[in-house]
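Structural characterization, general
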Amino acid sequence: VHLVESGGGLVQAGGSLRLSCVASGRTVSSYTMGWFRQAPGKEREFVAAINWGNRNTRYADSVKGRFTISRDNAKNTVYLQMNSLIPEDTAIYSCAARMGPWSIDPVLYGYWGQGTQVTVSS
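Now for a quick tour of the structure. Note that the coordinates shown come from a computational prediction; the quantities given were computed from them, not determined experimentally.

The rules behind each value
Residues numbered from 1 in each chain as written. Predicted model: local features only at pLDDT ≥ 70, side-chain atom pairs only at ≥ 80, totals over all residues. Heavy atoms only, no water. Pairing = 2+ DSSP bridges. Helix = DSSP H or I, 4+ residues; strand = E, 2+ residues; numbered from the N terminus. Axes fitted to C-alpha atoms, helices over the stretch in contact; angles between N-to-C directions. Polar contact = N/O pair within 3.5 Å; in protein donor to acceptor, adjacent residues only side chain to side chain. Buried < 20%, exposed > 50% of the residue type's maximum accessible area, 1.4 Å probe, protein only.

What follows is about the sheet that holds strand 7 (residues 67–72). Read from one edge of the open sheet, four strands run 1-3-8-7, paired in antiparallel fashion. Only two strands of the sheet have a single partner each, and these edge strands are strand 1 (2–6) and strand 7. Averaged over neighbouring strand pairs, the angle between their axes works out to 15° when direction is ignored.

Here we come to the environment of Asp61. Residue position: Asp61 is located in the loop between strand 6 (57–59) and strand 7. Once the C-alpha coordinates of Asp61 and Leu19 are considered, the two residues, 42 residues apart in sequence, prove to be 19 Å apart. At a separation of 3.2 Å, a polar atom in the side chain of Asp61 contacts the side chain of Lys64.

Below, the discussion takes up unusual backbone geometry. Located in the positive-phi region is Asn76, a residue other than glycine, with phi close to 50°. Exposure remark for Asn76: the relative accessible area of 25% places this residue in the partly exposed category. Residues other than glycine seldom take positive phi values, yet Ser84 does so here, at roughly 50°.

Here it is as structure tokens:
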């Protein structure tokens, strides 16, 4: 599975961004898709995940109510809508794929995109 993210950028606090992750190479109907982020000097952390088949979603507590993960089967694309952004959301955001149920552990995801930078100014 090949993953390509887009949609990052610079935004003021309180603003919104929508990240996209296009998947290609193999059927993704059995994969869980996740978004992770890594800020400078910090470990990679789980943000959100969606099961491609049944659309079940999971969120980190830090983004619940502000971020929404969704997917478009026809476009093989997963989205992360980010609203009410705060400076603490600044990080490189990466999408990832794995066979099986969602997990917050990035080690369990076998496929990764290159990442896209999100910077939130105060």
